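This is what each chain is made of:
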Amino acid sequence: DVMIQYSTSSSSSLIDGVVNYVYNNFGFGAGWSLDMPLMEIQTDKKFVHLGAEGTYEVGEEGYLNNRNLKDIKIQSDTSYTYDGATSTYSMTQADGIVWYFNSSGKPLAVKDKHDSYIRYYYVTSGDMKGYIDRIVDTVGRVIKFNYTGRYGVNLNNVNSYFPQSINVTVYDSESPNAQPLFT
């Protein structure tokens, strides 16, 4: 399932940091994100953002700190390769679902217990580089994100660009002749 979520937060530096990290990775607007895991790779720490479930630091053994269950494990993993992308990390859940992430911590794919994949692709150039381009589900339907316009922000001498609008279209396949199912 692909879900979009909206969240509001009280003003705390931890929550603001999480919101800013997710916002900078999706560019959907303050509070909006896809409800899917996203890894944050820092020099000496790793975090996993689990959408509606919260954000956790990854412990030394790969399990999530301050989570009562050991139902999710993060590890280095280069076993997933598809369409020129290779995983750097994986997240294995107790129910057999495995998420694969690139070196930036963005999901490349999720594999269910029946070995079916949902694949994630990202914009590869321009001001929107790194934002999600499309999601292809297990039967080949495509959710395509089209970014229009842009505005820039300079924080600490780093330019960041965000779309002014995002159009989302669902197609029945990846074929160049695919007809939109809805926009």
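Below, the structure is looked at part by part. Everything numeric here is computed off the predicted structure, so don't read it as measured data. (Residues numbered from 1 in each chain as written. Predicted model: local features only at pLDDT ≥ 70, side-chain atom pairs only at ≥ 80, totals over all residues. Heavy atoms only, no water.)

## Observations regarding unusual backbone geometry
The backbone of Asn66 sits at a positive phi, close to 65 degrees, despite the residue not being glycine. Among the structural elements, Asn66 can be located in the loop between strand 5 (55–57) and strand 6 (72–76). Of the residues examined, Asn66 reaches a relative accessible area of 78% and is grouped as exposed. Despite not being glycine, Asp83 has its phi angle at roughly 50 degrees, a positive value. Mapped onto the elements of the fold, Asp83 is located in the loop between strand 7 (81–82) and strand 8 (85–86). (Helix = DSSP H or I, 4+ residues; strand = E, 2+ residues; numbered from the N terminus. Buried < 20%, exposed > 50% of the residue type's maximum accessible area, 1.4 Å probe, protein only.)

## Here we look at the sheet that holds strand 5
Reading across from one edge, 3-4-5 is the order of the 3 strands in this open sheet, with antiparallel pairing throughout. In this open sheet, the two edge strands, each paired with only one partner strand, are strand 3 (38–41) and strand 5. On average, each strand axis in the sheet is tilted by 20 degrees relative to the strand beside it, whichever way the strands run. (Pairing = 2+ DSSP bridges. Axes fitted to C-alpha atoms, helices over the stretch in contact; angles between N-to-C directions.)

## A word on the packing of aromatic side chains
All told, the structure shown has 4 aromatic pairs when counted by the stated rule. Relative to Tyr100, the ring of Tyr80 lies with its centre 5.1 Å away and its plane at 20 degrees, an arrangement referred to as stacked. Here Tyr80, found in the loop between strand 6 and strand 7, pairs with Tyr100, found in strand 10 (residues 98–101); they are 20 residues apart in sequence, far enough to count as distant. Exposure class is identical for Tyr80 and Tyr100. Each is buried. By way of ring pairs, the aromatic residues Tyr80, Tyr100 and Tyr117 are connected into one cluster. Above the face of the Tyr82 ring, Arg119 is positioned so that its terminal group lies 3.6 Å from the ring centre. Here the basic side chain of Arg134 rests over the ring of Tyr121, its NZ or CZ set 3.9 Å away from the ring centre. (Phe/Tyr/Trp six-rings, centres within 6.5 Å; stacked < 30°, edge-to-face > 60°. Lys NZ or Arg CZ within 6 Å of the ring centre and 35° of its normal.)

## Digging into the pattern of salt bridges
Enumeration according to the criterion identifies 7 salt bridges in this entry. A salt bridge links Arg134 to Asp133, with the nearest nitrogen and oxygen atoms 3.0 Å apart. In this structure, Asp133 and Lys144 form a salt bridge, with 2.4 Å as the shortest nitrogen-oxygen distance. Of the two residues, Asp133 is situated in strand 13 (residues 132–136) and Lys144 in strand 14 (residues 142–148); the sequence distance between them amounts to 11 residues. Overlapping salt bridges, with partners in common, bring together Asp133, Arg134, Lys144 and Glu174 in one network. (Salt bridge = Lys/Arg side-chain N within 4 Å of Asp/Glu carboxyl O.)

## Quick look at the pairing of strand 13
Along strand 13, 4 of the 5 residues are buried, which leaves the element largely enclosed by surrounding structure. With 4 bridges joining them, strand 12 (residues 117–122) and strand 13 adopt antiparallel strand pairing. Looking at the pairing, Tyr122 lines up with Ile132 of strand 13. Connecting strand 13 to the antiparallel partner strand 14 that follows it, the hairpin turn spans 5 residues, and Gly140 within it adopts a positive phi of roughly 95 degrees.

## Let's talk about the side chain of Asp133
For Asp133, a relative accessible area of 14% corresponds to the buried category. Here Lys144 takes part through its side chain, which lies 2.4 Å from a polar atom of the side chain of Asp133. (Polar contact = N/O pair within 3.5 Å; in protein donor to acceptor, adjacent residues only side chain to side chain.)

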